[in-house]
Every structure is written in structure tokens, then in C-alpha cells.
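# Remarks on the overall topology
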Amino acid sequence: MAQAGGGLPAAPAQATQVTVDEDYAGQRLDNFLIRQLKGVPKTHVYRIIRSGEVRVNKGRAHADTRVEAGDVVRLPPVRTSERAGQKAQAMAEEVARHGASSTVGGYAPSREFPVLFEDEFLLAIDKPAGVAVHGGSGVSFGVIEQLRMARPGADFLELVHRLDRETSGVLLIAKRRMALKLLQEQFRERETDKVYLALVSGAWPASQRVIDKALHKYLLENGERRVKVVANDHPDGMRSVTLVKVKSAIAASPAAPATPLTLLEVTIKTGRTHQIRVHLAGEGHPIAGDDKYGDFELNKALQKSVDGAPALKRMFLHAWSLKFNHPKTRKTIQLQAALPDELQQFLPSRG
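This report concerns the structure included in the present document. Predicted model only: the values in this text are computed from it and were never measured.

What counts and how
- Residues numbered from 1 in each chain as written.
- Predicted model: local features only at pLDDT ≥ 70, side-chain atom pairs only at ≥ 80, totals over all residues.
- Heavy atoms only, no water.
- Helix = DSSP H or I, 4+ residues; strand = E, 2+ residues; numbered from the N terminus.
- Expected span 1.5 Å × (residues − 1).
- Polar contact = N/O pair within 3.5 Å; in protein donor to acceptor, adjacent residues only side chain to side chain.
- Contact = heavy atoms within 4.5 Å.
- Pairing = 2+ DSSP bridges.
- Core = buried A, V, L, I, M, F, W, Y, C linked by side-chain atoms within 4.5 Å.
- Buried < 20%, exposed > 50% of the residue type's maximum accessible area, 1.4 Å probe, protein only.
- Axes fitted to C-alpha atoms, helices over the stretch in contact; angles between N-to-C directions.
- Phe/Tyr/Trp six-rings, centres within 6.5 Å; stacked < 30°, edge-to-face > 60°.
- Lys NZ or Arg CZ within 6 Å of the ring centre and 35° of its normal.
- Parallel < 35°, antiparallel > 145°, perpendicular 65-115°, else oblique.
- Left-handed = near helix turned anticlockwise from the far one by under 90°.
- Arc of directions from axis to C-beta.
- Salt bridge = Lys/Arg side-chain N within 4 Å of Asp/Glu carboxyl O.

With that settled, consider helix α5 (residues 177-188). An α-helical turn contains 3.6 residues, so any two residues separated by three or four positions project in the same direction. Taking 1.5 Å of rise per residue, 12 residues should cover 16 Å, and α5 covers 16 Å from first to last C-alpha, within 8% of that figure. Where α5 terminates, the next one or two residues include R190, which has phi positive at roughly 60°.

Here it is, written out as C-alpha cells:
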């Protein structure tokens, strides 16, 4: 028994019963306990599971057991060591100074983003270009890490889908596990409508409305990821469908007078990596400013301001509109993010 002022704080006198709510339905038991027993070392969490001290609906369970809404989980009396408490306190102080821990080490600065819609189940923001949605692949942190730091009281914030780093526009974040599961299911079942605005080189033929071509991911020698169009019967090809509608023809920029431009509304029926960029480039009309699949000479020219015309400093791809069913009410929600100024100003009255 620990003495007052000793190395171990007093443990709870008896076991407690916790009922799983719908936000945590489907979560592994070990992850559920780690969240419930904050400050308890993971080794101890696994020990009490193996020993049978943790019960789910009065029965023994394994670490990989999935808990469901309404399950009653018995939590045995536990106590945290003084060292664990000191470590948690030190981490809290470090986070207060530097920001939330990112997925690849280091700390993410706190940041909010323009809100398009928010309630207790989900958050929709207007993501700026140049910001990754999450840390990884050489990026220390992204939108989700910055939001978690900006909202320390939020128990749950997870990306519903992704946008490329250089793509701006509508991005959905779930605020409950139930919302995450239901929204991701809508994306998987193609029950959402996602419309992008893309400016491409050349005059897009109005009759070309559907691109149904398989895509294949591969790696360059330096390990960088790329995607290419392959035959639809390619063994590693993924069927990919993109719908294209001409929004307006745009006169050539003074910086590249020989190349007319077209503003497109692009709807994707499948969510493949770099799908829009590769499909449009494969048709001979790459997106202006695309540094991976674009016309590099054209991009270089468009970055210059000529005769007072604005320069294009980024890829012209914007997640403009998103329609989906609310995960709780099932009502249809349609969100729209206006073109950011740096793209809007590149569409002069020369259209």
C-alpha cells in the first residue's frame, strides 16, 4: 500500500463500469482502454486484458475485440506511477509551448481554417493550397494536427477524405467516430457529389464529357509517388471515372499568348490518387500550374506577370462543391468553397 506522498497515488477503491457509446463502436478494446485510462502505461493496459480483469458484457475479451455501442466494459482499479504522471505533465507543458505532437515527430502549430459548416458531428473547412491534410511523406504536420492543437477540448477529429497538398477547397472532418464511419461509407459507395474547378491548357472539346481510363500508381527512383493511365485490362490498373463539363473558354494569358485555356467543372466518380490531374493530362490538356503532370514550359511562363496580367503561382485545381447526406439527420448538405483570390484574379474579364 502506498504511503501518503509516496511514489504511487491512491488507486480507485473498486472496479468501474463504462458503457460504450456510438462514437466508439467498432474500436479495438485495447485502444478503447488506452483512451479511458489516460496516464496508465500501455504495458499495464495489455496486462489487465490478458489477466481477465477487463470484462466486456461480463465476459473475458482480447485486445483485438471490437467493442460495440451499448457494451458494458468493466475497468479494474488501476493507478499510474509517479514517473508516468511526471512524463504526462512534461508532455503537456511541451505541447503548451510548441503545439500538438505531429504524426512524424515534432510539434504542430495551432491553426484554425475558414469554416463552411460545423455542428456536433462534423466540420467542413475551406483548405488553402500549400497545406497538407496530414503529416507524413516529409511533411511534419498538416491540417488535422493543427486543428487538434487549436481545439484541445475536442475528443475526436479525423479526416473523412483527402485533398492533394496543392489543391484548395472543401475538406470534411468528422467530430464523432459514428460520423466518420457513415461519411466514409458514402464516399466508398459513390453517394457523394464532388465537383472541382480546373483550368487546363488548350481548348477542351465540349463533346468530351467522360474519361473512363484505368490508373496505376508507381514510384520513381527517388521514391516519389506517381500515377499513369494504363489499359483498362492492365492487371494493376484501377478503374477510374471522371466527368468533365466546360464552364468557360478563357483567352490565352499575355505570358503565353499561343495557348488558350479552358475552365472545367470536373466531377470524380472514383477517388484515385491524382485522378483529375492524370486524366486531364492524359487527354492532352494538363492543369495549369501542375508541377507533376503539367506542361512545365507553360507553367514557367504563367508564373510571370506580363502587361499587368496576374501571374499563376500554384496549381489551378480547387475542390469547389461537395454534396453528401448528414451522418445523423440524413438530410442532403451541399457545400461550396469560392475560388480563392489567387485563382479568381487569374480569370480576367478576358473569358
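Resuming the write-up.
Before going further, it helps to examine the side chain of R314. Positionally, R314 belongs in the loop between α7 (296-302) and β17 (317-325). From its side chain, R314 meets the backbone oxygen of E166 in a polar contact 3.5 Å long. A polar contact is formed between the side chain of R314 and the side chain of S168, at a distance of 3.0 Å. The contacts of R314, once residues within four sequence positions are left out, are A129, E166, T167, S168, A288, G289, P340, E342 and L343.

What follows is about the pairing of strand β13 (residues 214-219). Looking along a regular strand, one sees side chains alternate from face to face of the sheet. Taken together, the 6 bridges between β13 and strand β14 (residues 225-230) define a ladder with antiparallel strand orientation. If you follow H216 over to β14, its bridge partner there is K228. Following β13, the chain reverses through 5 residues before pairing antiparallel with β14; G223 in that reversal takes a positive phi of roughly 90°.

A few words on the nonpolar core. Formed by 46 residues in total, the largest nonpolar core has its most connected members in I173, L199, L280, I287 and F316. The element that contributes the greatest number of residues to this core is strand β11 (residues 193-201), accounting for 6 residues. If we skip the residues at most four places from it in the chain, F316 touches L197, A198, L199, L263, I287, A288, L339, L343, F346 and L347. By size, the runner-up hydrophobic cluster in this structure holds 19 residues, among which are L33, V40, V67 and V73.

Turning to the sheet that holds strand β1 (residues 16-19), a few remarks are in order. One open sheet accounts for 4 strands, arranged β1-β4-β2-β3; its pairing is antiparallel. Unpaired on one side and paired on the other, β1 and β3 (59-60) mark the two borders of the sheet. Pairing geometry for strand β2 (residues 55-56) and β3, over 2 bridges, is antiparallel. In the sheet register, V56 faces β3, and the bridge partner there is G59. Packing of helix α1 (residues 29-36) onto the sheet brings it into contact with β1, β2 and β4 (72-75), and relative to β4 it is tilted by some 60°.

Right, let's talk about the side chain of H216 for a bit. Here H216 lies in strand β13. Once residues within four sequence positions are removed from consideration, H216 is found in contact with R226, V227, K228, V230 and D236.

Our next topic: the packing of aromatic side chains. Within this structure, the stated rule accounts for 0 aromatic pairs. Positioned above the aromatic ring of Y218 is the side chain of K228, whose terminal nitrogen or guanidinium carbon lies 5.2 Å from the ring centre.

Let us now look at unusual backbone geometry. A positive phi angle is found at N57, which is not glycine, with a value near 55°. Of note, the phi angle at R330 is positive, near 70°, even though the residue is not glycine.

It is the contact of α1 with helix α2 (residues 42-50), at a shortest axis distance of 10 Å, that shows an interaxial angle of 125°. As the angle between them shows, α1 and α2 are arranged oblique. The way α1 lies across α2 gives a crossing that is right-handed. Within the contact between the two elements, α1 uses L29, D30, L33 and I34 and α2 uses K42, V45, Y46 and I49.

Topologically, V78 is positioned in the loop between β4 and α3 (82-98). Owing to a relative accessible area of 11%, V78 belongs among the buried residues under this scheme.

If you check which residues of α2 are buried, you get V45, I48 and I49. Projected down its long axis, α2 shows its buried positions confined to an angular sector of 105°, all on one face. Residues T43 and R50 are exposed on α2 and point more than 90 degrees away from its buried face. Packing partners of the buried residues in α2 comprise α1.

Next up on the list: the pattern of salt bridges. One pass over the structure, following the stated rule, counts 17 salt bridges. Among the salt bridges present, the one from E265 reaches K247, with a minimum N-O distance of 3.4 Å. One end of the pair, E265, is in strand β16 (residues 261-268); the other, K247, is in strand β15 (residues 241-250), with 18 residues separating them in the sequence. Since its relative accessible area comes to 17%, E265 is described here as buried. One continuous salt-bridge network, built from bridges that share partners, spans E112, E118, R151 and K175.

With respect to the helices, strands and loops of the structure, R66 is situated in the loop between β3 and β4. Along the chain, R66 and R28 lie 38 residues apart, while their C-alpha atoms are 4.6 Å from each other. Separated by 3.1 Å, the side chain of R66 and the backbone oxygen of G26 make a polar contact.

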